[in-house]
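Structure assessment
What follows is each chain in one-letter form.
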Amino acid sequence: MSEKRTVYLDNNATTMVDPEVVKAMLPYFTEYYGNASSMHDLAIEPARAVAEARHKIAEYVGAEYDSEIIFTSCATESDSTAIYSAIECNPEKREIITTPVEHPAILRVLDHLEEDRGYKITKLHVDSKGRLDLDEYKKALNSNVALVTCMWANNETGNIYPVTEMAHLAHEQGIMFHSDGVQAMGKVDMDLKSTDIDMLSFSGHKLHAPKGIGVFYLKRSCRFRPFLRGGHQESGRRAGTENVPYIVGLGKACELSGQHVGYMRSEIKRLRDRLEQGILAKVPDCFVTGDPDNRSANTSNIAFQFVEGEGILLKLNEYGICASSGSACTSGSLDPSHVMKAMGIPFTAAHGTIRFSLSRFTTEADIDYTVEKVPEIIAELRSFSPYWRKDGSGGSESFDPNYGQGKGAEFKK
Amino acid sequence: MWNYSDKVKDHFFHPRNAKVLEDANGVGDVGSISCGDALRLMIKVDPKTNIITDAGFQTFGCGSAIASSSALTEMIKGKTVDEALKITNKDIADYLDGLPPQKMHCSVMGREALHAAVANYRGESWEESHEESPLICKCFGVDEAKIVQNIRANSLKTVEDVTNYTKAGGACGGCREKIEKILDKFWKGGYEGRYVEDFVSRDRFEKAQAKNGKVSLSDHYVQHRDHPYWDKVEKVLDEMRPGLEQDGGNVELIDVADDKILIRLYGACLGCFMSEMTLSYVQAQVDKALGKHVPLELVEPDLNGTGEAN
């Protein structure tokens, strides 16, 4: 078997660790292995390296103080930290405002608060492009709200949300504001000190640092209750021995990401557009989901009508192309993408959504190879889809299957 | 990435009979909206012999839905309509060397399409009435319906009870919180009228409950009680029962044949790490009673009323 080519277009899922990041981390495993909190000489270099990384990251996000950066194990931990802190700080307030397109790290926690603790969870609506209505948001803000949490960029569509404006509106009413920034890092301008964003979550592995390291940004003026209590690490705000090599790696990754912001905006965007336009030109009955005018430069989410996403992914994988899908069948939960559902994408298209997400390691050859393979894959799967008509009119009106009742029936028109 | 068998991959990458059958005289269209699958099955039946001479399918769905459709068309070709109707979704999954538990519903869709196509051929109308039920235990593929039915039928009160009866929660334990919530909801009356008619018919329910307070699996199988082995095996099991019951378990004889004996372990026997030992002990006693080795086969618990895994 000839060596299989790998084209990695799943960078919103995770990224390759930059070799420079690995190089920066290695000494902190074997040479400078001391506990950064110890009193002896072996703590000196780890403590210095952690401080340096903290400073780099503070600069990267535009924090006013280095101490506003708190290291965690992942963005999910940071998200939970933000939510539980906000409700503990505001025990009398019983409502949280969010959007229907958040990551499960937010939504499942809020579901839990709703079901088991009686919180009112207000989910703002999004339109067919996934955009929020700020008038609806303004009307929703009230004195009972403990927290507003809204992602900065969406993982599936790349949509960018107006968090700066939303945070400002929340502060006017004395409401805490948190943003899940995981997919925004290195893709949007970030200067947290000039915003009213109180808390921000992100993780290393989406920006070429390893998995297992996250950041919780906490504005100095924001009240806080720790999620993990214990040792005095992170000034008592997040107990647990500092993960020195990973913190160093994340510092390096943020430094590199900061240097590539321009490249992301120009070259990566050019490649993304080349991919998208190439596919749209060659494949009938497909469309871009989300808001093409306002999304991160590396993401393209295309809905291929009348075919199902898992089949597309399996065939892409045969060609070594790695992407992901909003189809029900590709998630362990079997639920179709809540993001596509919220945008009202018809299910025959929602199940056929494919997300391509690029990184600074993506090449033009990768893109051209993908543009070459996708049309034949879609044509092949459509050739035996009952919804597909070969005359190009799209969809078979005569195909009206008998659906089981119950769950999911609301999908049926 | 799903762990698909080579056979599933083969049928996905090289689907058999993925075609429109122009001269079909039976067409079945079914779909499952929550998992985004839909299937049109076309069959050509020779009216004289009732033999399915050709079959074709069109599927909108994931890899296992396409593979299940492909497998189904291969399995029914050459069979009479009545023979084909005996194909269960488990048969389809077995033909493909198994499907991941989360994907078993793909084989259910194939079977439903077959029933719809046959109904269409016979000029009957066909209504799918099953209620789609969320999968709770991913390790053993147990859905909410099955858990609720078991709680109802057996007055189960704890997660442990549910695990003993359905296996749900018996492996990784990730679904135990959900099971707790189902139990809580059930005993607060939250499932009244749900997951009853569609899955376990009421008369079977009442019959079984009148018998021993439990829904018995034997109601789902044709039993060969006149087979010479039946009484002998039953006697062996009767002798062992007190011991098993002491440990919170039980055993039921489902059916016998010349070359196999179907039994089911209940309660604490189920999912117990000792069940292998229990089984080999039962096997030894049965062999002794019959004077020869007839392999025991364990029937998996299933109360969805179809006699098949779901």
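Residues numbered from 1 in each chain as written. Chains lettered and ligands numbered in written order. Predicted model: local features only at pLDDT ≥ 70, side-chain atom pairs only at ≥ 80, totals over all residues. Heavy atoms only, no water.

Observations concerning the side chain of Thr15 of chain A
Residue and element names in this part refer to chain A.
- Checked against the element boundaries, Thr15 lands in the loop between strand 1 (7-8) and helix 1 (19-25).
- For Thr15, a relative accessible area of 6% translates into the label buried.
- At 2.6 Å, the side chain of Thr15 forms a polar contact with the backbone oxygen of His205.
- Separated by 2.8 Å, the side chain of Thr15 and the backbone nitrogen of His208 make a polar contact. (Helix = DSSP H or I, 4+ residues; strand = E, 2+ residues; numbered from the N terminus. Buried < 20%, exposed > 50% of the residue type's maximum accessible area, 1.4 Å probe, protein only. Polar contact = N/O pair within 3.5 Å; in protein donor to acceptor, adjacent residues only side chain to side chain.)

Description of the environment of Ile87 of chain A
Residues and elements named next belong to chain A.
- Position of Ile87 among the secondary structure elements: in helix 4 (residues 75-89).
- Residue class for Ile87 comes out buried when judged on its relative accessible area of 5%.
- Sequence separation between Ile87 and Tyr119 is 32 residues; the distance between their C-alpha atoms is 9.8 Å.

Some words on the packing of aromatic side chains
- Throughout the structure, instances matching the rule amount to 10 aromatic pairs over all chains.
- With a centroid separation of 5.7 Å and an interplanar angle of 20°, the aromatic rings of Tyr84 of chain A and Phe227 of chain A are classed as stacked. With a gap of 143 residues between them, Tyr84 of chain A in helix 4 and Phe227 of chain A in the loop between strand 8 (214-218) and helix 8 (244-259) connect regions that are remote in the sequence.
- Lying over the aromatic face of Tyr65 of chain A, Arg220 of chain A brings its terminal NZ or CZ to 3.5 Å of the ring centre.
- Here the guanidinium or amino end of Lys315 of chain A rests over the ring plane of Phe12 of chain B, the centre of that ring lying 5.1 Å away. (Phe/Tyr/Trp six-rings, centres within 6.5 Å; stacked < 30°, edge-to-face > 60°. Lys NZ or Arg CZ within 6 Å of the ring centre and 35° of its normal.)

Details of the sheet that holds strand 3 (residues 95-98) of chain A
Residues and elements named next belong to chain A.
- Spatial strand order, 2-8-7-6-5-3-4: seven strands in an open sheet with mixed pairing. With partners counted over all chains shown, the strands left at the sheet margins are strand 2 (69-72) and strand 4 (120-123), one partner each. Averaged over all neighbouring strand pairs, the angle between strand axes comes to 20°, with direction disregarded.
- When strand 3 meets strand 4, the two strands line up parallel, connected through four bridges. Following the sheet pairing, Ile96 is matched in strand 4 by Ile121.
- Docked against the sheet, helix 3 (residues 44-61) engages strand 2, strand 7 (199-203) and strand 8, running at close to 115° with respect to strand 2. (Pairing = 2+ DSSP bridges. Axes fitted to C-alpha atoms, helices over the stretch in contact; angles between N-to-C directions. Contact = heavy atoms within 4.5 Å.)

Here's the deal with helix 2 (residues 63-76) of chain B
All names here are of chain B.
- Given a rise of 1.5 Å per residue, 14 residues ought to cover 20 Å, and the 20 Å separating the end C-alpha atoms of helix 2 matches this to within 8%.
- Counting buried positions over the 14 residues of helix 2 gives 13, a clear majority of the element.
- Downstream of helix 2 by one or two residues, Gly78 has phi in the positive range, about 90°. (Expected span 1.5 Å × (residues − 1).)

Brief notes about the pattern of salt bridges
Residues and elements named next belong to chain A.
- Taken as a whole, this structure holds 38 salt bridges over all chains when the rule is applied.
- A salt bridge links Asp135 to Lys138; the shortest N-O distance between them is 3.8 Å. With Asp135 and Lys138 both in helix 6 (residues 134-140) and three residues apart, the pair spans about one turn of that helix.
- The class of Lys138 is partly exposed, set by a relative accessible area of 39%.
- Counted as one network, the salt bridges with shared partners bring together Glu20, Glu45, Arg48, Glu52, Lys56, Lys252 and Glu255. (Salt bridge = Lys/Arg side-chain N within 4 Å of Asp/Glu carboxyl O.)

Thoughts on the pairing of strand 2 (residues 37-46) of chain B
All names here are of chain B.
- In terms of burial, strand 2 is largely enclosed, as eight of its 10 residues are buried.
- Pairing of strand 2 with strand 3 (residues 51-60) involves nine bridges; the strand directions are antiparallel. Residue Ile43 lies in a different strand from strand 3, and its bridge partner there is Ala55.
- Joining the antiparallel neighbours strand 2 and strand 3 is a turn of four residues, in which Asn50 adopts a positive phi near 65°.

Focus: helix 4 of chain A
- End to end, helix 4 of chain A covers 21 Å across 15 residues, agreeing with the expected 21 Å (1.5 Å per residue, within 8%).
- Most of helix 4 of chain A sits out of view: 13 of its 15 residues are buried.

Thoughts on the confidence of the model for chain B
All names here are of chain B.
- Looking at chain B as a whole, its pLDDT mean stands at 79, while 79% of the residues score no less than 70.
- The spread of mean pLDDT over the elements of chain B runs between helix 9 (residues 202-212), the lowest at 41, and helix 1 (residues 6-13), the highest at 95.
- Here residues 197-220 is a poorly scored stretch, pLDDT under 50, and it has 59 contacts once near neighbours within four places are set aside; other chains count. (pLDDT = per-residue confidence, 0-100.)

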